[in-house]
There are 2 protein chains.
Amino acid sequence: MSEIPYKIYLEESEMPKAWYNLRADMKNKPAPLLNPGTHQPMTAAELGVVFCDELVKQELNDTDPYIEIPQEIRDFYKMYRPSPLVRAYCLEKKLNTPAKIYYKFEGNNTSGSHKLNSAIAQAYYAKKQGLKGVTTETGAGQWGTALSMACAYFELDCKVFMVKVSYEQKPFRREVMRTYGASVTPSPSMETEIGKKILAEHPGTTGSLGCAISEAVEVAVGTEGYRYVLGSVLNQVLLHQSVIGLEAKAALDKYGVKPDMIIGCAGGGSNLGGLIAPFMGEKLRGEADYRIIAVEPASCPSFTRGTFAYDFCDTGMVCPLAKMYTLGSGFIPAPNHAGGLRYHGMSSTLSQLYHDGYMEAVSVPQTAVFEAAEQFARTEGILPAPESSHAIKVAIDEAKKCAETGEEKTILFGLTGTGYFDMVAYEKFHDGKMDDYIPTDEELAQYAATLPKMD
Amino acid sequence: MSEIPYKIYLEESEMPKAWYNLRADMKNKPAPLLNPGTHQPMTAAELGVVFCDELVKQELNDTDPYIEIPQEIRDFYKMYRPSPLVRAYCLEKKLNTPAKIYYKFEGNNTSGSHKLNSAIAQAYYAKKQGLKGVTTETGAGQWGTALSMACAYFELDCKVFMVKVSYEQKPFRREVMRTYGASVTPSPSMETEIGKKILAEHPGTTGSLGCAISEAVEVAVGTEGYRYVLGSVLNQVLLHQSVIGLEAKAALDKYGVKPDMIIGCAGGGSNLGGLIAPFMGEKLRGEADYRIIAVEPASCPSFTRGTFAYDFCDTGMVCPLAKMYTLGSGFIPAPNHAGGLRYHGMSSTLSQLYHDGYMEAVSVPQTAVFEAAEQFARTEGILPAPESSHAIKVAIDEAKKCAETGEEKTILFGLTGTGYFDMVAYEKFHDGKMDDYIPTDEELAQYAATLPKMD
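Residues numbered from 1 in each chain as written. Chains lettered and ligands numbered in written order. Predicted model: local features only at pLDDT ≥ 70, side-chain atom pairs only at ≥ 80, totals over all residues. Heavy atoms only, no water.

Asks: I tried to follow the side chain of Arg23(B) on my own but got confused; where do I start?
Replies: All names here are of chain B. Take Arg-23: it is sitting in the loop between strand 2 (18–20) and helix 1 (44–50). One buried charged residue, Arg-23, forms no salt bridge at all, with the nearest opposite charge on Glu-59 at 5.6 Å. At 2.8 Å, the side chain of Arg-23 and the backbone oxygen of Glu-59 are in polar contact. In this view, Arg-23 contacts Lys-29, Pro-30, Gln-58, Glu-59, Leu-60, Asn-61, Asp-62, Asn-235 and Thr-349; residues no more than four positions away in its chain are not counted. (Helix = DSSP H or I, 4+ residues; strand = E, 2+ residues; numbered from the N terminus. Buried < 20%, exposed > 50% of the residue type's maximum accessible area, 1.4 Å probe, protein only. Lys, Arg positive; Asp, Glu negative; His and termini not counted. Salt bridge = Lys/Arg side-chain N within 4 Å of Asp/Glu carboxyl O. Polar contact = N/O pair within 3.5 Å; in protein donor to acceptor, adjacent residues only side chain to side chain. Contact = heavy atoms within 4.5 Å.)

Asks: How do you make sense of the relation of the copies chain B and chain A when you look at a structure like this?
Replies: The operation relating the pair of chain copies consists of a rotation about an axis and a translation along that axis. With an RMSD of 0.0 Å, chain B superimposes on chain A once it is rotated by 180° and translated 0.0 Å along the axis. In symmetry terms, the pair is related by a two-fold rotation axis. Ranked by how close their C-alpha atoms come to the rotation axis, the residues of chain B are headed by Asn108(B), at 3.0 Å. Comparing interface residues between copies, 100% of those in chain B also lie at the interface in chain A; the contact surface is shared. (Least-squares fit on C-alpha atoms with pLDDT ≥ 70 in both.)

Asks: Honestly, the sheet that holds strand 14 (residues 360–364) of chain B in this entry has me stumped. Any pointers?
Replies: Strands in a sheet are paired, the pairing made by backbone hydrogen bonds, and the direction either parallel or antiparallel. Residue and element names in this part refer to chain B. Pairing is mixed across the open sheet formed by seven strands, whose spatial order is 1-4-5-15-10-11-14. In this open sheet, the two strands that pair with only one neighbour each are strand 1 (7–8) and strand 14. Of the strand pairs in this sheet, strand 4 (residues 85–87) and strand 5 (residues 100–105) are connected by three bridges, and their pairing is antiparallel. Its bridge partner being in strand 5, Leu-85 is matched across the sheet by Lys-104. (Pairing = 2+ DSSP bridges.)

Asks: How should the packing of helix 5 (residues 116–128) of chain B against helix 11 (residues 235–254) of chain B be read in this particular structure?
Replies: Helix-helix packing: each pair is described by the crossing angle between the helix axes and the interaxial distance. Residue and element names in this part refer to chain B. Interaxial distance between helix 5 and helix 11 falls to 8 Å at its minimum, and their mutual angle equals 125°. Classified by the interaxial angle, the pair formed by helix 5 and helix 11 is oblique. Crossing angle aside, the handedness with which helix 5 passes helix 11 is right-handed. Seen from helix 5, the contacting residues are Asn-117, Ser-118, Ala-121, Gln-122 and Tyr-125; seen from helix 11, they are Gln-236, Val-237, His-240, Gln-241, Val-243 and Ile-244. A per-class count over the contact of helix 5 with helix 11 returns five nonpolar, six polar and no charged. (Axes fitted to C-alpha atoms, helices over the stretch in contact; angles between N-to-C directions. Parallel < 35°, antiparallel > 145°, perpendicular 65-115°, else oblique. Left-handed = near helix turned anticlockwise from the far one by under 90°. Nonpolar A, V, L, I, M, F, W, Y, C, P; charged D, E, K, R; others polar.)

Asks: Which parts of the structure should I look at to understand the packing of aromatic side chains?
Replies: Aromatic ring pairs are reported here in terms of the distance separating the ring centres and the angle at which the planes meet. The tally for this structure, following the rule as stated, stands at 45 aromatic pairs over all chains. A ring pair is formed by Tyr124(B) and Tyr125(B), whose centres lie 5.1 Å apart and whose planes are at 70°; its orientation type is edge-to-face. This pair shows no difference in class: Tyr124(B) is buried, exactly as Tyr125(B) is. Ring pairs connect the aromatic residues Phe76(A), Tyr77(A), Tyr80(A), Tyr124(A), Tyr125(A), Tyr153(A) and Phe154(A), which therefore count as one cluster. Here the basic side chain of Lys258(A) rests over the ring of Tyr290(A), its NZ or CZ set 4.7 Å away from the ring centre. The ring of Tyr167(B) carries the charged tip of Arg174(B) above its face, separated from the ring centre by 4.7 Å. (Phe/Tyr/Trp six-rings, centres within 6.5 Å; stacked < 30°, edge-to-face > 60°. Lys NZ or Arg CZ within 6 Å of the ring centre and 35° of its normal.)

Asks: Which parts of the structure should I look at to understand the domain arrangement of chain A?
Replies: You'll often see interface size given as the accessible area lost when the parts meet. Residues and elements named next belong to chain A. The domains assigned to chain A are domain 1 (8–13 + 82–112 + 242–448) and domain 2 (25–69 + 115–228). In this structure, domain 1 and domain 2 have C-alpha centres spaced 23 Å apart. Listed per partner, the contact involves 35 residues of domain 1 and 35 residues of domain 2. Here domain 1 packs against domain 2, burying approximately 2,800 Å² in sum over the two surfaces, 64% of which is carbon and sulfur. Here domain 1 is connected to domain 2 by two salt bridges. With its nearest N and O atoms 3.0 Å apart, the salt bridge here joins Asp-422 to Lys-170. (Domains from an automatic or database assignment. Buried area = accessible area lost by both parts, 1.4 Å probe.)

Asks: How should I be thinking about the environment of Ala140(B) in this particular structure?
Replies: Residue and element names in this part refer to chain B. Along the chain, Ala-140 falls in the loop between strand 6 (133–138) and helix 6 (142–154). By relative accessible area, Ala-140 is classed as partly exposed at 30%. A sequence separation of 139 residues divides Ala-140 from Phe-279, and the C-alpha atoms of the two residues are 29 Å apart. Residue contacts for Ala-140: discarding those within four places in its chain leaves Met-162, Ser-166, Lys-170, Arg-173 and Glu-387.

Asks: Honestly, the state of the cysteines in this entry has me stumped. Any pointers?
Replies: Defined simply, a disulfide is a covalent bond joining two cysteines at their sulfur atoms. All names here are of chain A. Per the stated rule, a full pass over the model turns up zero disulfides over all chains. Cys-211 takes part in no disulfide bond, and the closest cysteine sulfur, belonging to Cys-319, lies 12 Å away. With no disulfide partner, Cys-319 has as its closest neighbouring cysteine sulfur the one in Cys-313, 5.9 Å distant. The class of Cys-319 is buried, set by a relative accessible area of 8%. (Disulfide = S-S within 2.5 Å.)

Asks: It is not clear to me how the side chain of Lys115(A) should be interpreted in this structure. Could you clarify?
Replies: All names here are of chain A. Relative to the helices and strands, Lys-115 is located in the loop between strand 5 (100–105) and helix 5 (116–128). For Lys-115, which is buried and forms no salt bridge, the nearest opposite charge comes from Glu-137, at a distance of 7.9 Å. With residues near it in sequence (within four places) discarded, Lys-115 still touches Gln-142, Trp-143, Ala-146, Gly-231, Ser-232, Gln-241 and Ser-270.

Asks: Help me understand helix 15 (residues 366–380) of chain A in this model?
Replies: Helical geometry: 3.6 residues make up each α-helical turn, so side chains three or four residues apart lie on a common side. Residues and elements named next belong to chain A. Under the 1.5 Å per step criterion, the end-to-end length of helix 15 is 20 Å for 15 residues, consistent within 8% with the ideal 21 Å. For helix 15, the complete set of buried residues consists of Gln-366, Thr-367, Ala-368, Val-369, Phe-370, Ala-372, Ala-373, Glu-374, Phe-376, Ala-377, Thr-379 and Glu-380. Looking one or two residues past helix 15, Gly-381 carries a phi angle of roughly 80°, positive in sign. (Expected span 1.5 Å × (residues − 1).)

The following block contains the structure:
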């Protein structure tokens with residue numbers, strides 16, 4: 001038997017005491033958020049209307065490399081962290097590869113994903129500021145569930161706008177949120193001006209993430225004692241998620257293991273940005289080199305086929321503009337797309353790093369993703385979320401290459417969550433009803449044409 | 001901060017290398033299984049028609065206190081074990097109790113429960129015997145899922161008869177089993193003689209566990225290279241599940257903690273028997289004393305209102321007779337009962353121990369169980385299975401008593417699984433549509449009258 005156990009758990013005392021702020025080590029900082037009206041950088045005061053004060057500070061802080069994790073958040077982390085760093089012995093054997101495969105598994109909590117890492121931080125700062133509650137949007141439901149759990153813990157109100165098609169197709173996700181005391185509204189709704197407008201224009205719409213964001217922001221801004229919180233894309237979210245990478249690196253360091261490549265799925269970038277953070281820090285500082293690979297769905301290819309430009313973060317165009325790889329804020333993946341990661345844009349931080357050549361990106365079709373998911377489930381015993389399975393697919397591909405070349409590469413990938421609430425997608429896959437629609441260049445050009453004109 | 005961490009994980013090297021066979025330390029051994037025709041003890045040869053040879057040996061072995069866990073099973077255990085022993089700091093604080101609450105959490109695997117501990121062992125022995133596949137029944141789906149995972153790992157066929165009402169109401173459970181390559185048939189089915197008979201007599205029946213057992217046994221016995229496996233009740237299952245208690249005790253011992261009471265939910269007894277095993281061993285040997293409390297649903301009260309007698313294990317009356325606390329093999333809990341633990345009987349081993357005064361039993365109504373479940377979810381962050389929530393309910397009650405008396409008791413309970421596939425029950429609870437039907441003495445007397453006459 002190898003000396004490295006199947007699962008590496010850090011001791012409580014080894015858990016990170018500070019988040020790592022990747023931006024501090026970037027020479028080219030991510031471009032600032034802009035006011036959508038004036039196209040000037042958003043000030044702390046402007047952002048403070050929407051977000052909690054402390055989170056605004058974190059959003060704007062691109063100089064401090066470490067930001068202390070408050071004790072209350074560390075205590076909550078102790079309930080479900082450290083997450084295991086798993087050596088995929090069974091998968092390696094199955095693939096007959098000399099590669100060494102590790103994955104950081106973030107699904108062992110009731111929210112089912114890494115989203116809880118930022119949810120609890122955002123709820124904490126909201127509580128500390130004396131707020132009554134927060135609003136947010138959720139698509140597949142992982143973020144909404146995580147936020148509901150965090151708000152229940154701190155006894156904050158939690159109002160979730162859930163994309164209508166998910167609200168109807170995922171009643172169990174909704175029910176988990178209710179268990180945690182959240183109110184869940186299908187979006188678009190008649191509760192907001194933007195919702196009413198969209199419903200008037202498109203009475204049969206099943207909603208979109210961009211639209212739900214607009215509604216959540218409207219309610220937060222218009223309600224005394226409320227703020228809006230977001231589960232991905234933002235710098236603050238990547239900051240909180242750095243706990244994933246910090247734990248993973250500490251666990252590998254304990255055994256003297258250095259990954260050759262780090263692979264993560266990318267939707268808005270929260271998981272990938274968190275997983276790679278300390279490794280990318282070393283790379284930026286010239287202390288080490290790693291291949292870093294973002295994996296996105298072929299049906300929503302913001303890195304691989306998007307434009308690096310300022311764009312709206314939401315459909316209603318009430319949010320600040322962010323400079324990012326984007327497909328255009330009107331872009332919605334084909335309805336048959338089951339694999340999550342549906343956001344039109346990408347974290348500004350990751351976009352800048354990709355633009356500067358610090359990481360690679362690859363897009364994969366969803367049938368291949370589900371094939372990898374099923375193989376992984378049968379071999380490693382964990383039923384993965386469709387999102388996470390994008391990373392699995394590329395990790396398996398890389399391990400197979402090693403089997404051909406005989407190279408003993410060390411692969412680390414992020415297993416962001418479990419697929420227990422995604423069985424409708426698995427059913428489609430089993431029944432052969434899944435296809436691999438990929439947008440044409442013409443379609444993408446149409447959406448790209450809607451990017452805002454910047455002076 | 002206390003010195004005891006939120007979660008105690010054993011090192012891989014500290015994981016149990018042998019299961020503990022509680023029966024070896026019992027003065028009054030559990031009564032043997034009887035041939036339903038002759039009322040004579042089942043021989044190994046007779047049992048070998050239905051079960052794998054090695055499992056028959058384990059079933060009949062009431063003398064060896066330790067049985068080595070084969071390396072292949074220990075390797076599989078390493079993928080999802082050790083399970084955490086959690087100190088419920090947040091719950092203690094919420095209850096404002098001086099009690100110290102610990103729970104052994106078995107839900108952090110894709111099967112969502114402790115059932116995997118025995119599934120992998122049973123699949124291993126089937127593979128080792130050169131069998132092609134196994135059959136089983138599943139109600140709520142936890143056992144079927146666990147067995148599917150185990151069979152996928154060892155590349156065995158897996159045929160699951162799923163109680164029809166669950167098959168229809170829990171399509172996601174079914175889909176998880178399909179992901180692991182199992183074939184899932186709603187029971188009663190037209191694939192067996194017993195199924196055909198039951199369907200002819202009761203065309204609209206939604207099935208029962210006892211009926212699904214009969215179908216699974218019929219197929220196993222009638223198909224070359226197949227055997228039947230069962231997820232609870234049997235001695236072999238309790239043996240495998242002892243890994244729960246052995247890990248829990250090792251974790252507590254590391255910190256010098258001795259529980260005053262141990263609480264577990266009880267359906268067929270697999271979780272409870274496993275959790276208490278090494279503690280009960282000490283009690284039987286006179287080395288220590290513990291309060292041991294079985295918690296069952298008020299709607300299916302085999303311990304608290306059943307009869308200690310020989311009874312059929314299945315509806316079709318094809319299985320051996322077992323001496324146990326039973327409500328009668330025709331008993332089915334009211335259809336509104338959502339909390340699992342629906343089996344009419346109880347493990348012979350646990351029945352004997354209860355009969356001899358080594359443990360207590362209490363029954364709880366389901367609304368109170370779901371109230372405890374929700375409080376636990378909001379405080380400890382884990383959404384519990386309805387079954388597990390029976391133990392939570394009594395643990396909270398005991399902790400509240402300590403808050404009144406000021407006693408600093410140490411409570412250990414078993415958190416057997418997660419409730420992600422039980423959201424229909426949670427929805428009922430949230431919508432106020434759950435009630436607390438409890439069978440009348442007259443009803444129970446009717447079922448008890450169906451117990452087989454023994455000479």
